[in-house]
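This is what each chain is made of:
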Amino acid sequence: MADDKKPIQIGFRNGQTVAMKLEPEEFDKLVAAIQAEEAWHTVTDDTRKLTLRADRVDFWGTDEKPESRRAGF
């Protein structure tokens, strides 16, 4: 079974970043919260629950093909 979780990097105005792997529905909710500039939003992955200020997110990005970054010959 393929892992359909999306890796995401979240960057804040203070320079801190957070990396998570989210289920598609969690990812969509987080992006919507960032775009709506919600004050507080809680997101959950396999290892933690993170409550963040979505209105203070400076950038976010995904790695759509992480398997292409593996070392190999």
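Definitions and cut-offs
Residues numbered from 1 in each chain as written. Predicted model: local features only at pLDDT ≥ 70, side-chain atom pairs only at ≥ 80, totals over all residues. Heavy atoms only, no water. Helix = DSSP H or I, 4+ residues; strand = E, 2+ residues; numbered from the N terminus. Buried < 20%, exposed > 50% of the residue type's maximum accessible area, 1.4 Å probe, protein only. Areas by Shrake-Rupley, 256 points an atom, 1.4 Å probe, with all protein chains shown as cover. Lys, Arg positive; Asp, Glu negative; His and termini not counted. Salt bridge = Lys/Arg side-chain N within 4 Å of Asp/Glu carboxyl O. Contact = heavy atoms within 4.5 Å. Pairing = 2+ DSSP bridges. Axes fitted to C-alpha atoms, helices over the stretch in contact; angles between N-to-C directions. Expected span 1.5 Å × (residues − 1). Arc of directions from axis to C-beta.

Student: Help me understand the overall build of the protein in this model?
Tutor: For the protein, the helix and strand inventory stands at one helix and five strands. Sequence-ordered secondary structure for the protein, helices as α and strands as β, is β-β-α-β-β-β. Here the protein holds 73 residues, and the buried ones make up 29% of them. As displayed, the protein offers around 5400 Å² of accessible surface, 48% of which is attributable to carbon and sulfur atoms.

Student: Help me understand the side chain of Glu 26 in this model?
Tutor: Positionally, Glu 26 belongs in helix α1 (residues 24-35). We note that Glu 26 is buried and unpaired, the nearest opposite charge coming from Lys 29 at a distance of 4.7 Å. For Glu 26, the residues in contact, after removing those within four places along its chain, are Thr 42, Val 43 and Thr 44.

Student: Any chance you could explain the environment of Val 57 here in plain terms?
Tutor: Note on placement: Val 57 falls in strand β5 (residues 57-62). Take Val 57: its relative accessible area is 11%, and that puts it in the buried class. Residues Val 57 and Arg 13 lie 44 residues apart in sequence; the distance between their C-alpha atoms is 6.3 Å. Residues in contact with Val 57, not counting those within four places in the same chain, are Ile 10, Gly 11, Phe 12, Ile 34 and Leu 52.

Student: Just checking my understanding: could you explain the sheet that holds strand β1 (residues 6-12) for this structure?
Tutor: Hydrogen bonds between backbone groups are what pair the strands of a sheet, and the pairing can be parallel or antiparallel. Within the open sheet, the three strands sit side by side as β2-β1-β5. Their pairing is antiparallel. Each edge of the open sheet carries a strand with a single partner, namely β2 (17-22) and β5. Between one strand axis and the next, the sheet turns by 20 degrees as a mean value, whatever way the strands run. In terms of strand pairing, β1 meets β2 through six bridges, oriented antiparallel. Residue pairing across strands places Gln 9 opposite Ala 19, the latter belonging to β2. Contacting β1, β2 and β5, α1 runs over the sheet at an angle of about 150 degrees to β5.

Student: Would you explain α1 in this entry?
Tutor: Because an α-helix completes one turn every 3.6 residues, residues spaced three or four positions apart along the sequence face the same direction. For α1, spanning 12 residues, the distance from its first C-alpha to its last is 16 Å, which sits close to the expected 16 Å at 1.5 Å a residue. The set of residues buried in α1 consists of Glu 26, Phe 27, Leu 30, Val 31, Ala 33 and Ile 34. All buried residues of α1 project into a common sector of 160 degrees when viewed along the axis, lining one side. Buried residues along α1 sit against β1, β2, β3 (41-44), β4 (49-52) and β5. Of the residues flanking the end of α1, it is Glu 37, one or two places downstream, whose phi is positive at about 55 degrees.

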